[in-house]
Amino acid sequence: MWKSSHQAVEYMVVTGHFIDVDPEWKLQKRVLSFVKVPTPRQGIDVADAIFKCLKAWGIEVKMFSVSVDNASYNDSCLKNLKENLLLRTKLVLNGDLFHVRCCTHILNLLVQVGLGKIKAIIQNVRESVKCINHNDARWKVFNDVFEQKHLKERKLILDCPTRWNSTFQMLLTALKFKIDFSAYGERDPLYTYALSNEDWEKV
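Residues numbered from 1 in each chain as written. Predicted model: local features only at pLDDT ≥ 70, side-chain atom pairs only at ≥ 80, totals over all residues. Heavy atoms only, no water.

## Some words on the pattern of salt bridges
Part 1 of the argument: For the structure on display, the rule yields 6 salt bridges.
Part 2 of the argument: The salt bridge partner of Asp75 is Arg101, with a shortest N-O separation of 3.1 Å. Here Asp75, found in helix H2 (residues 72–86), pairs with Arg101, found in strand E5 (residues 99–101); they are 26 residues apart in sequence, far enough to count as distant.
Part 3 of the argument: You can call Asp75 partly exposed: its relative accessible area is 37%.
Part 4 of the argument: Among the salt bridges present, the one from Asp159 reaches Arg126, with a minimum N-O distance of 2.8 Å. Taken together, the positions of Asp159 in the loop between helix H5 (136–148) and helix H6 (164–176) and Arg126 in helix H4 (residues 119–133) put the pair 33 residues apart, joining distant regions of the chain. Exposure class is identical for Asp159 and Arg126. Each is buried. (Salt bridge = Lys/Arg side-chain N within 4 Å of Asp/Glu carboxyl O. Helix = DSSP H or I, 4+ residues; strand = E, 2+ residues; numbered from the N terminus. Buried < 20%, exposed > 50% of the residue type's maximum accessible area, 1.4 Å probe, protein only.)

Structure below.
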């Protein structure tokens, strides 16, 4: 599922993964469908959209498994989809492996809980990066600070809060500038996001 930030519309992308056995057994990935899914969205609506996509490609009898995130409607969606497919074909192991929960989504949920322990600190780092990157004058002052310290790193990274790996990259990069953030705070009285040594230790 994907939500447009410019429209109050949600879309679903169906991606197919298959092994191309000729000649080198390579894993292939293709976007099979990109459809608008109206809200309020229910499992049956998503199941119908997936089934229409499979039927359009003529692959409804070739399904092995479906990977989805842990949204509550996905349980009813895949239950319905599985029932429809079993009317047409026999699934591998009678469909015991049909519903595969997305490990990436589960990992993201786990990491987000951990990051929640230092939520306020992460927010200060995020606001610090936004503050410095906001205009050229601030960046120039910050640039002067880290040039004096002969740092090789030249860029601050802003994260996408829903993606833990981008938050990790933002924190990792910010750590390289921790002395510079403090020094910058002494030069800019409007900068109010400075972290304490204890905060940096947690980062």
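Next, the rest of the story.
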